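Okay, here's what each chain looks like letter by letter:
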Amino acid sequence: MTAIDYEARIPNNVDLASDKRLQRALEKWQPAFLDWWGAMGPEGFQGRDVFLRTAVSAHADGWAVFDYVKMPDYRWGIFLSDRVPDRKIAFGDHAGLPAWQEVPGEYRNMLQRLIVTQADTEPASVEQQRYLGQTAPSLYDLRNLFQVNVEEGRHLWAMVYLLQAYFGRTGHEEADALLVRRSGDADHPRILDAFNQKCPDWLTFFCFTTFTDRDGKYQLGALAESGFDPLARTCRFMLTEEAHHLFVGEKGVQRVLTRSAELTALDPNGDARNQGGIDLDTIQKYVNYWFSYSLDLFGGEISSNAADFFASGLKGRWKEESKYEDHICTDAVQMVPVYRDGRLVEEAVPLRNAMNEVLRQEYADDCDKVVGRWNRALESAGSSFRIKLPSTRFHRRQGIYADQAYSPDGEPISSELFEANRSRWLPTDADRAYVASLMTRGVYEPGKVAHWISPPDKGIDGRPAEFEYVRLT
Amino acid sequence: MGSVTREQRIASFETHPDRYHHWKLTIDGPVASLAMSVDPAFGQRADDYELKLNSYDMGVDIELHDAVERLRFEHPEVRAVVVTSAVARIFCAGANIKMLATSMHGFKVNFCKYTNETRLGIEDATRTAGQTWIAALNGTASGGGYELALACDEIYLIDDGNSAVSLPEVPLLGVLPGTGGLTRLVDKRKVRRDVADVFCTKAEGFRARDAKRMRLVDGSFSRSGWEAGVQQVAAAAVARSPARASQGVPLPPLEVVDSPTGRAYKYVTSVINAEDRVAHLTVRAPEGAAPGSAEALRAEGAQTWSLRAFRELEDALLHLRFNHAEIGVILLHTQGDPAAVLAHDAALADLAGDWFADEIRSFQGRVLRRIDNTARTFFALIEPGSCFVGTLFELVLAADRSYMLQDDDGAVSVQVTAASAGGFPMDTGATRLAVHFAGEPAKVGEVLAMGAPINAADAEEIGLVTFAPDEIDWDDEVRIAIEERASMSPDALTGMEQNLRFVGLETCDTKIFGRLSAWQNWIFQRPNAVGDSGALTLYGFPERPRFDWRRT
Ligand SMILES: [Fe+2]
Ligand SMILES: [Fe+2]
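Cut-offs applied
Residues numbered from 1 in each chain as written. Chains lettered and ligands numbered in written order. Predicted model: local features only at pLDDT ≥ 70, side-chain atom pairs only at ≥ 80, totals over all residues. Heavy atoms only, no water. Helix = DSSP H or I, 4+ residues; strand = E, 2+ residues; numbered from the N terminus. Rg over C-alpha atoms; globule rule 2.2 N^0.38 Å. Buried < 20%, exposed > 50% of the residue type's maximum accessible area, 1.4 Å probe, protein only. Contact = heavy atoms within 4.5 Å. Areas by Shrake-Rupley, 256 points an atom, 1.4 Å probe, with all protein chains shown as cover. Lys, Arg positive; Asp, Glu negative; His and termini not counted. Charge placed at Lys NZ, Arg CZ, Asp CG, Glu CD. Donors = N, O, S within 2.8 Å, 3.2 Å for Na, K, Ca; no water. Tetrahedral: all angles 85-135°; square planar, octahedral: opposite > 155°, others 65-115°. Polar contact = N/O pair within 3.5 Å; in protein donor to acceptor, adjacent residues only side chain to side chain. Pairing = 2+ DSSP bridges. Axes fitted to C-alpha atoms, helices over the stretch in contact; angles between N-to-C directions. Phe/Tyr/Trp six-rings, centres within 6.5 Å; stacked < 30°, edge-to-face > 60°. Lys NZ or Arg CZ within 6 Å of the ring centre and 35° of its normal. Buried area = accessible area lost by both parts, 1.4 Å probe. Salt bridge = Lys/Arg side-chain N within 4 Å of Asp/Glu carboxyl O. Domains from an automatic or database assignment. 1 Å grid on protein atoms, 1.4 Å probe; cavity = no way out; pocket = protein on both sides within 12 Å on 5 of 7 lines; lining within 4 Å. Points joined across faces, edges and corners; volume = space filled by probe spheres on them.

1. As for the overall build of chain A
Along the backbone of chain A there are 13 helices and 7 strands. In terms of overall dimensions, chain A is globule-like: its C-alpha atoms have a radius of gyration of 23 Å, near the 23 Å expected for 473 residues. On the principal axes, the C-alpha backbone points of chain A span a range of 70 × 65 × 40 Å. Across the 473 residues of chain A, 59% fall into the buried class. Excluding contacts between residues fewer than 6 apart, the proportion of contacts in chain A whose partners are at least 24 apart in sequence is 71%. About 18,500 Å² of surface is accessible on chain A, with carbon and sulfur atoms providing 49% of the total. Positive and negative side-chain charges in chain A, numbering 55 and 70 respectively, have mean positions lying 2 Å apart.

2. Overview of the overall build of chain B
The helix and strand inventory of chain B stands at 22 helices and 21 strands. Projected onto the principal axes, the alpha-carbon positions of chain B cover approximately 75 × 55 × 45 Å. Pairs at least 24 residues apart make up 75% of the contacts formed inside chain B by residues separated by at least 6 positions. Of the roughly 22,000 Å² of accessible surface on chain B, 53% is carried by carbon and sulfur atoms. Both charge centroids of chain B, one from 56 positive and one from 76 negative side chains, sit 11 Å from each other.

3. Things to note about the coordination of the iron ion (ligand 2)
Residues and elements named next belong to chain A. Surrounding the iron ion (ligand 2) are the protein donor atoms Glu152 (OE), Asp213 (OD), Glu242 (OE) and His245 (ND1), at 2.0 to 2.2 Å. One can describe the donor arrangement at the iron ion (ligand 2) as irregular, given that its 4 donor atoms subtend angles of 88 to 170° at the metal. As a motif over one chain, the donors of the iron ion (ligand 2) read E-x60-D-x28-E-x2-H.

4. A closer look at the side chain of Ser420(B)
As for its position among the elements, Ser420(B) is in the loop between β20 (413-414) and α15 (432-436). Within polar-contact distance, the side chain of Ser420(B) engages the side chain of Glu394(B) at 2.8 Å.

5. Let's talk about the sheet that holds strand β1 (residues 49-54) of chain A
Residue and element names in this part refer to chain A. Within the open sheet, the 3 strands sit side by side as β2-β1-β7. Their pairing is antiparallel. Every interior strand has two partners, whereas the edge strands, β2 (65-70) and β7 (470-471), have only one. Taken together, the 2 bridges between β1 and β7 define a ladder with antiparallel strand orientation. Within the sheet, the bridge partner assigned to Asp49 lies in β7 and is Arg471. Helix-sheet contacts for helix α4 (residues 139-166) involve β1, β2 and β7, and the interaxial angle to β1 is about 50°.

6. Looking at the packing of aromatic side chains
Note on aromatic pairs: each is described by the distance of the centres and the angle between the planes. All names here are of chain A. For the structure shown, the criterion picks out 60 aromatic pairs over all chains. Their ring planes at 40° and their centres at 5.9 Å tell us that Phe394 and Phe418 sit as a pair that is tilted. With Phe394 in the loop between α11 (355-380) and β5 (405-406) and Phe418 in helix α12 (residues 415-425), the pair connects residues that are 24 residues apart, well separated along the chain. Note on Phe394: relative accessible area 0%, which makes it buried. An aromatic cluster of at least three residues, connected via ring pairs, comprises Trp29, Phe33, Trp36, Trp37, Tyr74, Trp76 and Trp157. When the ring centre of Tyr289 is taken as reference, the NZ or CZ atom of Arg432 above it lies at 4.8 Å.

7. Examining the interface of chain A and chain B
The interface is formed by 26 residues belonging to chain A together with 22 residues belonging to chain B. Summed over both partners, the interface of chain A with chain B buries about 1,900 Å², with 38% contributed by carbon and sulfur atoms. Taken together, the links from chain A to chain B amount to 4 salt bridges. Across the salt bridge formed by Glu174(A) and Arg207(B), the nearest N and O atoms sit 3.1 Å from each other. At the boundary of chain A and chain B, one finds 7 residue pairs in polar contact (both at pLDDT 80 or more). Elements with a contribution of two residues or more to the side of chain A that touches chain B: α3 (108-128), α5 (168-177) and α9 (304-311) of chain A.

8. Looking at the domain arrangement of chain B
Size of an interface, as often reported, equals the accessible area lost when the parts are brought together. Residue and element names in this part refer to chain B. By the assigned domains, chain B splits into domain 1 (17-240) and domain 2 (258-495). Distance between the C-alpha centres of domain 1 and domain 2: 33 Å. Every contact between the two is made by 16 residues of domain 1 and, on the other side, 18 residues of domain 2. Interface area, domain 1 with domain 2, both sides summed: about 1,400 Å², of which 54% is carbon and sulfur.

9. Some details on the pattern of salt bridges
What the rule picks out here adds up to 75 salt bridges over all chains. Between Arg360(A) and Glu357(A) there is a salt bridge whose closest N-O contact spans 2.8 Å. Linking Arg360(A) with Glu357(A), this pair stays in helix α11, spanning 3 residues, or about one helical turn. With respect to burial, Arg360(A) and Glu357(A) carry one shared label: buried. A salt bridge links Lys448(A) to Glu445(A); its shortest N-O distance comes to 3.4 Å. Owing to a relative accessible area of 49%, Glu445(A) belongs among the partly exposed residues under this scheme. Each member of the salt-bridge network shares a partner with another, and the members are Glu69(B), Arg72(B), Asp124(B), Arg127(B), Arg244(B), Glu359(B), Arg366(B), Arg369(B) and Asp427(B).

10. Quick look at empty space enclosed by the protein
Residues and elements named next belong to chain B. Under the defined criterion, the tally for this structure stands at 3 cavities of 30 Å³ or more. What the largest cavity holds in volume is close to 270 Å³. The wall of the largest cavity is formed by 16 residues, among which Phe13, Glu14, His65, Arg311 and Glu314 lie closest to the centre. For the lining of the largest cavity, the secondary structure elements donating two or more residues are α1 (58-74) and α11 (305-323). If one sorts the elements of the lining of the largest cavity by residue count, α1 sits on top with 5 residues.

11. Considerations on the sheet that holds strand β2 (residues 31-36) of chain B
Residues and elements named next belong to chain B. The strand order across the open sheet formed by 6 strands is β1-β2-β4-β7-β9-β12, and the pairing between neighbours is mixed. Each of the sheet's edge strands pairs with one partner strand only, and the pair in question is β1 (23-28) and β12 (219-222). Within this sheet the neighbouring strands show an average axis-to-axis angle of 20°, counted without direction. Looking at chain direction, strand β7 (residues 132-137) and strand β9 (residues 154-159) are connected through 4 bridges and run parallel. Along β9, the bridge assignment pairs Ile134 with Glu154. Those strands touched by helix α4 (residues 144-151) are β1, β4 (80-85), β7 and β9, and its axis lies near 130° from that of β9.

12. A word on the coordination of the iron ion (ligand 1)
Residues and elements named next belong to chain A. Surrounding the iron ion (ligand 1) are the protein donor atoms Glu122 (OE), Glu152 (OE) and His155 (ND1), at 2.1 to 2.2 Å. Mapping the donors of the iron ion (ligand 1) onto the primary sequence gives the spacing E-x29-E-x2-H. Separating the iron ion (ligand 1) from the iron ion (ligand 2) is a distance of 3.3 Å, and Glu152 supplies a donor atom to each of them. Of the two residues, Glu122 sits in helix α3 while Glu152 sits in helix α4, which places them 30 residues apart along the sequence.

13. Concerning the environment of Ala518(B)
Along the chain, Ala518(B) turns up in helix α20 (residues 508-523). Residues Ala518(B) and Arg366(B), 152 residues apart in the sequence, show an inter-C-alpha distance of 21 Å.

14. Comments concerning the environment of Phe91(A)
All names here are of chain A. Looking at where Phe91 falls in the secondary structure, it is placed in the loop between β2 and α3. A residue is classified by how much of its surface remains accessible, and Phe91, at 0% relative accessible area, is buried. Each C-alpha atom of the pair Phe91 and His327 lies 4.6 Å from the other, and the pair is 236 residues apart in sequence.

15. A few points about the pairing of β4(B)
All names here are of chain B. Most of β4 is tucked away, with 6 of its 6 residues classed as buried. Neither face of β4 is exposed, since Ala80, Val82 and Thr84 on one face and Val81, Val83 and Ser85 on the opposite face are all buried. Judged from the 6 bridges that link them, β2 and β4 form a sheet pairing that is parallel. When the sheet's bridge partners are listed, Val31 is paired in β4 with Ala80.

16. A short note on the pairing of β7(B)
All names here are of chain B. For β7, a buried count of 6 out of 6 residues is recorded, marking the element as mostly surrounded by other parts of the structure. Burial along β7 is two-sided: Thr132, Ile134 and Ala136 facing one way and Trp133, Ala135 and Leu137 facing the other are all buried. For β4 and β7, the ladder comprises 4 bridges, and the chain directions are parallel. Bridge pairing in β7 places Val83 opposite Ala135.

Next comes the structure, spelled out in structure tokens:
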């Protein structure tokens, strides 16, 4: 048996070729990963050429190399951003000390938990999206779906690299377990709730990549500040890929909105559904649903875990180093609206304990900007409808707002009132069935798009929109 | 930044399933399900802490204790008790940390003691009432949550890839899993001690597969197989434990007159003398004839002296422990007709094998063990009109010292009966009589064989009592002894008494109180736990602890 050519099979910048220990670990894990991809990756299309970008180095010339690839042959690589010489821990109790190049024993478990939780989301979303290829609205979208999927696979590799390389036996075990859990499985579900939800249609997919992948962006951003240098460098590189996923989501929703506005204008009764499209109210409900589910991913508003992660220098804020002056945060507080005796009152929470909330607010602000761009597209399409981001208190199942019902404006309301309005605020079964009814089969002719969505305004990597992004023959 | 600690009184140790805030008790034939669903807003000091994630405080444990006792008396048909959670993904997160951090030292110690006694009660129910407690962990059980599971006979953990069992006290809080956790791991479950060392220092614990391999749990079921799996385990426990009775005996609320100077029940009175730091605890003999048959005993139900007097005694003891920290010496008195006590004892002994009679005796044993574990000095005062005979002679044996009045006509007497021969073992498993005569074991049999009242001179001669002053000396002797005792260091006395009371070999139970709790109480006083930068103090706060690294 010839030795595996690691550089070719697993592109990397971690000197895998000379790291025997890591090779041994990955030799065992890689076949298991491929089995998982075969079983839980995209249904169908595995033998087809897909126009994908592959990262073959961490630098500008190599992080996005485009070519036709069959997905199982995709070269899932391991890339860390370049090391910053003499990097120091930027925040928390160890601020100013040299960044850790090895796992600090004191924080081993905490760190492992952070990495496993992040890692678990990567294969989960691939599992959630595995049937969408059957109903793709165009070859362009089909390709984008697969791009997101293979890159989530690569993100899994990136996290598994950390577990395998730095955490010894328990790291190997956790790496194995990542391939055992399944999204939505009754017995072995994924760790976080949003990653056990179904993703049965393309409106869901676009909302998911807008809102849930954006949670990923902020989590990765916070971990990119980590005092554990290999984690920071891994996450920085992952962020470059994540941007495309967010693009797929935002532009996808925008194209649906534009099309819906057109069909609404076309219909004598102003009903897009009559014209075979998705009505704007339904899109708003999908936004409400996925925004609120994604907010839960940030964890409790007042959290001792969050304080520990910050204090220990493992997880910072978004752009911790460049954006903030105070990196210790023991004296500062964050005002958090808390429900007391029938109303909301602002309560001062020690800032470290409010770090989840600080990150959530960054995220919500970013989502607000996305919604702003969608609304400009609606305006351009001649529609007066505007998408509105609900309050961060609306429809929460985790954290301090989970026990009380709130309207989309964030006002506390009775649960009876919430239930009475549920079908106005959140997608009903009938809404989902209707959306699914528009997407019973894929549109695979180059340049063609499904009726319910606008064509993209430009293609991928300078190719035209009608380019054959996936070769089906 | 230490937290403010607060004085806390416990208004009542009584409750009823109809009034539970934190548990749901449902009974389905021979299987009871006790589901924890702690109401966060119903902590006993709701201003200081919220009972999140099924964490518990004294109020939660009072309900648990109530359930343990009621299942025995009111539901003898129950053969298996499944403890589980009604909160998604969490079984129980253990004692509430904020509650501990804001509690006074004495309260914390008493809280831990009470919760330990409750868990011993769970084991006792499994062992002596044939009610097998099964922990069905349908979510993560951490700290005291896993310790509660450890008190059960069997532990099952859901295998959902997420739920774990853990003892995070050492790595996260800088204290011990002090509700029996360390002891039961190695002494009861026989988890290898190096494996236990790994487990007790890994904050997030282990999930089903590893937990089973390490013997931390007995088995696991997948989410979809959970209900059926647990049902099967319960059915197997039911099958192992023969049916006992179908009709229970209700435990009504105690009738008590409460005043600033004490509590008065039908058979028990507790009088507080705050100035002298002394309490008088008196148990009165029954009036009227003893029940002559199982039916008669059942008809008397909870009113029968043997049960009612000991329920009252337990309640009085708990109030002294929690609400009268300043009381250093508890003087034990009895009053009434010794023959009546003996008749009631004999009635229960004759009915041995009847479930209700057995339950009463078992309960009396638990109350007596509460005395052994109470951190106050007990002196028994044997005076004219007293009835320290049979069951009540155990009070003399439980006391740290006894004083018996040597009166001229020799009317003051005690009597040792078969009640002291094995029915009421201490936590060591030994009888108080055997412990009393550890150096002269032959006397145990001699005394048991006497079968008659023993006067003061003889009792002193045999060594059954500590002192037997005559009528001239009595008042001064006793007064001076009490005053002297009340003047000594309360801490040293607690340590001394606990060391002297438990003569003989250790058991799991004594190690929980004597080794685990004692170390815990030491740690609870140390700056590394409760100092301004101690781990317990800072838990939940943004700062991380700073330790004094010097080891002793
Ligand atoms: Fe990702
Ligand atoms: Fe992503």
